[in-house]
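Residues per chain, in single letters:
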Amino acid sequence: MGITRSYQEINEKIKAGKVVVLTAEEVVAMAKDEGPEKVLEKVDVVTTGTFGAMCSSGAFLNFGHGDPPIKMAKVWLNDVPAYAGLAAVDAYLGATELSESRGLEYGGAHVIEDLVAGKKIKLKAIGFGTDCYPRTTIETWITINDLNQVYLFNPRNAYQNYCVAVNSTGRTYHTYMGTLLPNYGNATYTTSGELSPLLCDPHYRTIGVGTRIFLGGGVGYVAWEGTQHNPAQRRDENGVPLTNAGTIAVIGDLRGMNRKYLRAAIFHNYGTSLYVGLGIPIPLLDEEIVRTVVLCNEELKATVYDYGVQQRARPALGVVSYAELRSGKIELNGKVIPTAPLSSLEKARSIATELKEWIINGQFYLTEPVASLPWRDGVKPLREEV
Amino acid sequence: MAKRRVVLTFPQELTERPITYHLVKDYDLAINILKAKITPGEEGKLVLELSNGSPEKIDEGLDFLEKQGVIVQPLSKEIVLEEEECIHCGACTAVCTSGALRLDPQTARLVFDREKCIVCELCVPACTMRVIKVMF
């Protein structure tokens, strides 16, 4: 029987200033040198990180009441519509919602980044006028400090692995996987490999509802399973998914976040998205958790799909490792294809390092999940009825 | 090795004659075509990198082109990267076939080698942060 440790023990070590924390990259290197048994013996927590475009992101805002008050039925922030079908002055702003005046070049993600940067945002709202909310229009300027509550609530983040995209056709495709050159001219991928949070905990043993995380430079929590959460995806001999599988919904106060780890993006001919910096600590509770946390880029794999096929079920063309993807080229059915990432490894590393420092400095304690992420089969397609 | 990058504009009547061939044959210039858009019967554009042991040979070759009616301009456009706003995602490297934009394998930071850049401009829309621009 190997060593085991509990969340309480780890948190006591954090309090006593004795906790040992390594990033996922550091622990992979340590396991290669000293073996996984030594890792379990010496290390308490492993930090992970990712910084990728996560379209399913957005923020809840409460504006406070004007005088006379208005029940906002439609809301715009810098000309970007926000969903206001909630109580009078609550709204939800989605990252991919586009500006009505600037189109694809500015969207909800940009408003969120501008809020975090402390910029003034134009608020426009209309209502239909009620006895309790007589006013029908309001137009004013707000900053993040004027809001009562402003928190990210991202329904789907931190995908556990993702596709590698190529394009078999004769024309260039502009996708959320970047610019895909014709005739297998390039391959793009978007996971931080051995640093990726859900790849480090493939069976969701420590990541669950209530897990405290690094989010956008501040502190957040796992709120729920993410949309399209799909643990039943094809897995390899280590039990790690070979393509996009589990997801998490996350929540966190936008006020603690910063532009270094939260950035608006424009994907050419596709629209806007939000780059979200996300890091999750993995407590090394037992040898089984260590076994999967130390899997390296040579052992973690992703499936290549043809994004030139404009159908729901794109053909899978093969499986490659993250070490191959990082090398700058992959070989696929005899063809050598140059590769490029879309998520920032540089930022993923600094997230894992920053989270490590927070824990070592006693600013961040680990939480035991209050509920596990569900294990269910598949994602349903949309059935169309005539 | 002397090197120069030029933009050549071919008037309609010249697009069907093998002019660049003479640069190689008569002036001993190595030519690297960076960009070309030549349709017979229409005005054509060619962006070339010319190299030879002596800069004089390049001058002579360009004089020859001008005498034929080709408009010769230096390649003055360049790609500018706003480094402090870059997130080092690597999306631009996916379209940079010349290898001017690449991620350093150690630091994972974006490196821009201006010498290799052929100003094809594909990186401009590929940059999701909009921090790559063309400067004239």
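Owing to the predicted nature of the structure, the values given are computational and were not obtained by experimental measurement. (Residues numbered from 1 in each chain as written. Chains lettered and ligands numbered in written order. Predicted model: local features only at pLDDT ≥ 70, side-chain atom pairs only at ≥ 80, totals over all residues.)

### Considerations on the overall build of chain B
Defined as follows: Secondary structure elements follow DSSP: runs of H or I no shorter than four residues count as helices, runs of E no shorter than two count as strands, and numbering proceeds from the N terminus. Exposed residues have 12 or fewer other C-beta atoms within 10 Å of their own C-beta, buried residues have 20 or more, and partly exposed residues fall in between, where C-beta atoms are placed from the backbone. Think of it this way: build a C-beta for each residue from its backbone, and any pair within 7 Å is a contact.
Along chain B, the regular secondary structure elements total 3 helices and 8 strands. What you see in chain B, going N to C, is helices and strands ordered as β-α-β-β-α-β-β-β-β-α-β. Dimensions of chain B, computed from C-alpha atoms along their principal axes, come out at roughly 50 × 35 × 20 Å. For chain B, the residues scored as buried account for 27% of the 136 residues in total. For chain B, long-range pairs separated by at least 24 residues make up 64% of all intrachain contacts whose partners lie at least 6 apart in sequence.

### Side note on the pairing of strand β4 (residues 58–62) of chain A
Looking down a regular strand, the side chains alternate between one sheet face and the other. Residue and element names in this part refer to chain A. Defined as follows: Two strands make a pair as long as DSSP finds a minimum of two bridges between them.
In this sheet, strand β7 (residues 90–94) lies alongside β4 in antiparallel orientation, the contact comprising 5 bridges. Bridge pairing links Asn62 to Asp90 in β7. In this structure, β4 lies alongside strand β12 (residues 149–157), joined through 4 bridges in antiparallel fashion. Counted as the bridge partner of Leu61 is Val150 from β12.

### Here's the deal with the sheet that holds strand β4 (residues 71–74) of chain B
Residue and element names in this part refer to chain B. Quick reminder of the rule: For every element, the axis is a line fit to its C-alpha atoms; helices are fit only across the contacting stretch, and the angle between N-to-C directions ranges from 0 to 180 degrees.
Sheet architecture is open: 4 strands sit in the order β2-β3-β1-β4, paired in antiparallel fashion. Unpaired on one side and paired on the other, β2 (30–37) and β4 mark the two borders of the sheet. Neighbour to neighbour, the strand axes of the sheet diverge by 25 degrees on average, direction disregarded. Pairing geometry for strand β1 (residues 2–10) and strand β3 (residues 44–52), over 9 bridges, is antiparallel. Considered in β3, the bridge of Arg4 is made with Leu50. Along the sheet, helix α2 (residues 55–68) makes contact with β1, β3 and β4, crossing β1 at roughly 5 degrees.

### Brief notes about unusual backbone geometry
Looking along the chain, the bond that leaves A:Asp67 and enters A:Pro68 is cis, with omega of -5 degrees. Take A:Pro68: it is sitting in the loop between β4 and β5 (74–77). Positive phi outside glycine occurs at A:Tyr184, with the angle close to 55 degrees. Within the secondary structure, A:Tyr184 is located in the loop between β15 (178–180) and β16 (187–189). On the basis of neighbour count, A:Tyr184 is assigned to the buried category, with 22 C-beta atoms found within 10 Å. Phi is positive for B:Val119, which is not a glycine, with a value near 50 degrees. Relative to the elements of secondary structure, B:Val119 occurs in the loop between β7 (110–112) and α3 (123–126).

### Considerations on the interface of chain B and chain A
Interface size is commonly expressed as the accessible surface area that is lost when the partners come together. For clarity, the threshold we go by: All residues other than Ala, Val, Leu, Ile, Met, Phe, Trp, Tyr, Cys, Pro, Asp, Glu, Lys and Arg, Gly among them, are scored as polar; the first ten of these are nonpolar and the last four charged.
On the side of chain A, 21 residues touch chain B, which itself brings 17 residues to the contact. Looking at the side of chain B that touches chain A residue by residue, the classes come out as 10 nonpolar, 5 polar and 2 charged.

### What about the domain arrangement of chain B?
Quick note on the threshold: What fixes the domain bounds is an automatic or database domain assignment.
We note that the domain assignment places domain 1 (2–74) and domain 2 (78–135) within chain B. Centre-to-centre, using C-alpha coordinates, domain 1 of chain B lies 28 Å away from domain 2 of chain B.

### Thoughts on the sheet that holds strand β11 (residues 137–142) of chain A
Residue and element names in this part refer to chain A. One open sheet accounts for 4 strands, arranged β6-β5-β10-β11; its pairing is antiparallel. Since the sheet does not close on itself, it has two edges, and those belong to β6 (80–82) and β11, each with one partner. Recorded for the sheet is a direction-independent mean angle of 25 degrees between the axes of neighbouring strands. For strand β10 (residues 121–126) and β11, the ladder comprises 6 bridges, and the chain directions are antiparallel. In the strand pairing of β11, Lys124 is matched with Glu139. Docked against the sheet, helix α4 (residues 108–116) engages β5, β6 and β10, running at close to 125 degrees with respect to β10.

### What about the domain arrangement of chain A?
All names here are of chain A. Domain annotation for chain A reports domain 1 (7–54 + 153–367) and domain 2 (64–147). Here the C-alpha centre of domain 2 lies 33 Å away from the C-alpha centre of domain 1. On the domain 2 side, the residues contacting the 14 residues of domain 1 number 15 residues. When contributions to the side of domain 1 that touches domain 2 are tallied by element, the ones reaching two or more residues are β21 (262–267) and β22 (271–279). Looking at which element gives the most residues to the side of domain 1 that touches domain 2, the answer is β21, with 5 residues.

### Topic: helix α8 (residues 345–360) of chain A
All names here are of chain A. Rules: Here the expected length of a helix is defined as 1.5 Å per residue gap, with one fewer gap than residues.
The first and last C-alpha atoms of α8 sit 22 Å apart over 16 residues, in line with the 22 Å expected at 1.5 Å per residue. Listed as buried for α8 are Leu345, Lys347, Ala348, Arg349, Ser350, Ile351, Ala352, Glu354, Leu355, Lys356 and Ile359. A positive backbone phi angle near 75 degrees is found at Gly362, which sits one or two residues after α8.

### Topic: helix α2 (residues 24–34) of chain A
Residue and element names in this part refer to chain A. For clarity, the cut-off: Think of it as the arc spanned by the lines of direction from the helix axis to the C-beta atoms.
Taken together, the buried positions of α2 are Ala24, Glu25, Val27, Val28 and Ala31. Buried residues of α2 fall within an arc of 165 degrees about the axis and therefore sit on the same side. Residues of α2 that are exposed and point more than 90 degrees away from the buried face comprise Asp33 and Glu34. Looking at the buried positions of α2, the neighbouring elements they touch are β1 (21–23), α3 (36–42), β2 (45–47), α5 (197–200), α6 (287–293) and α8. Backbone geometry just after α2 places Gly35 at a positive phi near 90 degrees.

### Focus on the pairing of β22(A)
Residues and elements named next belong to chain A. Burial runs high along β22: 8 of the 9 residues are buried. Two strands pair when backbone bridges link them, and strand β3 (residues 50–53) and β22 are joined in this way by 4 bridges, in the antiparallel orientation. Residue pairing for β22: Ala53 is matched across the bridge by Tyr275. In this structure, strand β18 (residues 212–215) lies alongside β22, joined through 2 bridges in antiparallel fashion. Note on β22: the bridge partner recorded for Leu215 is Leu278.

### Concerning the environment of B:Gln12
Residue and element names in this part refer to chain B. Mapped onto the elements, Gln12 comes out in the loop between β1 and α1 (19–25). A residue is classified by how many C-beta atoms lie within 10 Å of it, and Gln12, with 12 of them, is exposed. Sequence separation between Gln12 and Gly41 is 29 residues, and the spatial gap between their C-alpha atoms is 5.5 Å. Sequence-distant contacts of Gln12, defined by excluding residues within four places in its chain, comprise Gly41, Glu42 and Glu43.

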